[in-house]
Amino acid sequence: MQQFIDAITAAIQETTGLEAGSFKLEKPRNAAMGDFAFPCFLLAKRDKGNPAKIAGELASKLNEIFDGIEAIATGPYLNFKVRRTDLAKAILGTILGQGASYGNSDEGKGKTIVIDLSSPNIAKPMSVGHLRSTVIGAAIQRLHDKLGYKTVGINHIGDWGSQFGKLVAAVNRWGDTVDLESDPIPSLLKLYVRYHKEEDDDPELQEAARAAFRELESGEDGHVRAVWRNLTELSMKEFDRTYARLNVTFDEVRGESYYEDHLDTTVDRIVAAGVTEESQGALIVSLEQFGEHVPPCLLRKTDGTTLYATRDMAAVFHRHELYNFHRCLYVVGGDQRLHFQQLKHVLDRMDIDWEDRVEHVSFGMLRLPEGKMSTRQGKVVFLEDVLDRAVEEARKIIDEKNPDLAKAAEIAEMVGVGAVVFNDLKRERIKDIEFVWSEVLSFEGDTGPYVQYTHARLASILRKAEAGAMENADYACLEESSSLLLTLGNFPAVLQRAAEKTEPSEVTQYLLSLSREVNSWIAANRVLGQDAGTTAARLQMVEAARQTINVGLGVIGVGAPDSM
Ligand code: ARG
């Protein structure tokens, strides 16, 4: 499809003298009017003429140059209609030719995108809250991979901070009441909850926690550090199981603790920039200039220990040094908006010129029917349990609809996990989402399973076709199918927009409308058993649609089953 856009764009440039990049072709409001539209307002303004008249004149000029593209003036718009057989041949040819690399480009060549994703606090169960960061972040990374960027996905594990002092104190006191080794996460949760229940009335416990964190930060390699190390290792093992189910891998797992040796130099650097001040014994960067209500960024507490923000400052400098990033994205929930504003404000006050390349990719909350979560009270919904239940429900539906399905367990896993992931990416990320079990798994609604089912349906048609049946296609039979063709041809542009806006929902929404369009197309166009040329052309359409859905699902991290 790009070749038509390029040809039309070049011809407009040549005849009007408009500069490259100064205009963009649009989609006509009504598909019957054409495939691409050029609004003539800009030109009318330049030439102080009437846009409709200009459209008319331009149409006659272009029609003399074009072969296979018709220019039609419609009011102030100039519409273009590509010869139907050329359109089909070009779009299907591209998709079938490119296969899994359909939509790839080199727009990101030479540029690095750093993506901070998932980043759960360890020694706590990974909750559904971390699911969003993981799947949104991974989708954003895959999108950029396709566009030729070098991407670095970093899991900035929360493995440092005063809560570890609390955990160590709790392990010391009640460690023998739980079975950490064989049941690590629930055990840690129990200790964590117990600590918070008892700390208020137990100053000794509080002091033990503070002392433990001080010892941890002092670098001493003794008992405290050994307990901490054990806790992090046990937790990571648990998390890795979930990551494997979600098909997510990281280029770097670099927790907060990684920056231990960077903290002094980081603080020195900020002090040297002349933006810090002492406040009641603590070291802060005042951010008043950004608004009365912007609290200062706290870099070092009175007792000398550092904070979440200090470690994020260290991390952002480290990332910039290592990768000289084009963009550094933090895929973190909206509740940390202030934290990332502060991070950027400190960079701004330091006159760091790459401050605007640091972006908080925020997202809304995921609300489960089970209610609001609170780790402190032990009210958490375990992500693994959600995935297990989704897979179980998917299995029930499959057993009911398709009892003889081979590899049912494998496909149920793909559909169940896929449903949860798709649901998470379905709406604009900034919106809160309500998790409704029956909706997430429905095979008919706007769901992952619906798109997967469409894929399986296309695959099944292809399985039934005879070998070589796709050859010698007669594209004339696709005369009425240009809307679907254009949708398929639009996929690369969708990926581009999704990456630019860091918005995976552009892809999920595209997949949903493509699926609806394909399903009604199949209902209206018999594929198998037609004359050879027709069957061949329609099979190519089926394969191109299957391929596009497959690639699209891959980008968002959802499996594409061939049957279900
Ligand atoms: N561990 C944090 C949390 O769960 C999220 C970390 C996000 N990344 C960052 N660089 N601050 O709340």
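The structure under discussion appears in the preceding block.
So, here is what we can say about the structure in this document. (Residues numbered from 1 in each chain as written. Predicted model: local features only at pLDDT ≥ 70, side-chain atom pairs only at ≥ 80, totals over all residues. Heavy atoms only, no water.)

**Concerning the environment of L96**
Thinking step 1. The residue L96 is located in helix α4 (residues 84–98) in this model.
Thinking step 2. When the C-alpha atoms of L96 and T151 are compared, they prove to be 27 Å apart, with 55 residues separating the residues in sequence.
Thinking step 3. The residues touching L96, leaving out its near neighbours within four places in the chain, are M470, Q540, E543 and A544. (Helix = DSSP H or I, 4+ residues; strand = E, 2+ residues; numbered from the N terminus. Contact = heavy atoms within 4.5 Å.)

**So, the sheet that holds strand β8 (residues 282–285)**
Thinking step 1. In spatial order, the strands read β7-β8-β9; together these 3 strands make up an open sheet with antiparallel pairing. Bordering the open sheet on either side are β7 (276–279) and β9 (297–300), each of which pairs with just one other strand. Put simply, the sheet's adjacent strands are angled 40° from each other on average, direction ignored.
Thinking step 2. Bridging between β7 and β8 involves 4 bridges; their strand directions are antiparallel. Bridge pairing in β8 places T276 opposite V285. (Pairing = 2+ DSSP bridges. Axes fitted to C-alpha atoms, helices over the stretch in contact; angles between N-to-C directions.)

**What about the pattern of salt bridges?**
Thinking step 1. In this structure the tally under the stated criterion is 35 salt bridges.
Thinking step 2. Between D424 and R132 there is a salt bridge, and its shortest N-O distance comes to 2.7 Å. Taken together, the residues span a long stretch of sequence, with D424 in helix α14 (residues 408–425) and R132 in helix α5 (residues 128–146) at a distance of 292 residues. In this pair, the class of D424 matches that of R132, namely buried.
Thinking step 3. With a shortest N-O distance of 3.6 Å, D432 and R367 are connected by a salt bridge. Of the two residues, D432 is situated in the loop between α14 and β13 (433–434) and R367 in strand β12 (residues 366–367); the sequence distance between them amounts to 65 residues.
Thinking step 4. Connected through shared salt-bridge partners, E238, R241, R245, E384, D388 and E413 make up one network. (Salt bridge = Lys/Arg side-chain N within 4 Å of Asp/Glu carboxyl O. Buried < 20%, exposed > 50% of the residue type's maximum accessible area, 1.4 Å probe, protein only.)

**A short note on unusual backbone geometry**
Thinking step 1. A positive phi angle, near 50°, is found at Q280, a position not held by glycine.
Thinking step 2. Along the chain, Q280 turns up in the loop between β7 and β8.
Thinking step 3. Judged by relative accessible area, which is 78%, Q280 ranks as exposed.
Thinking step 4. The backbone phi angle of N472 is positive, close to 55°, even though this residue is not glycine.
Thinking step 5. For N472, the location among the structural elements is in the loop between α16 (448–464) and α17 (482–489).

**A word on the packing of aromatic side chains**
Thinking step 1. Enumeration according to the criterion identifies 13 aromatic pairs in this entry.
Thinking step 2. Ring geometry for W160 versus F213: centroids 6.3 Å apart, planes at 70°, classification edge-to-face. Of this pair, W160 sits in the loop between β5 (150–155) and α6 (162–174) while F213 sits in helix α8 (residues 203–218); the two residues are 53 residues apart in sequence, bridging distant segments of the chain. Of the two residues, W160 and F213, both sit in the buried class.
Thinking step 3. Ring centres of F435 and W437 lie 4.9 Å apart, and the angle between their planes is 80°; this geometry places the pair in the edge-to-face category.
Thinking step 4. A relative accessible area of 13% means that W437 is categorised as buried. (Phe/Tyr/Trp six-rings, centres within 6.5 Å; stacked < 30°, edge-to-face > 60°.)

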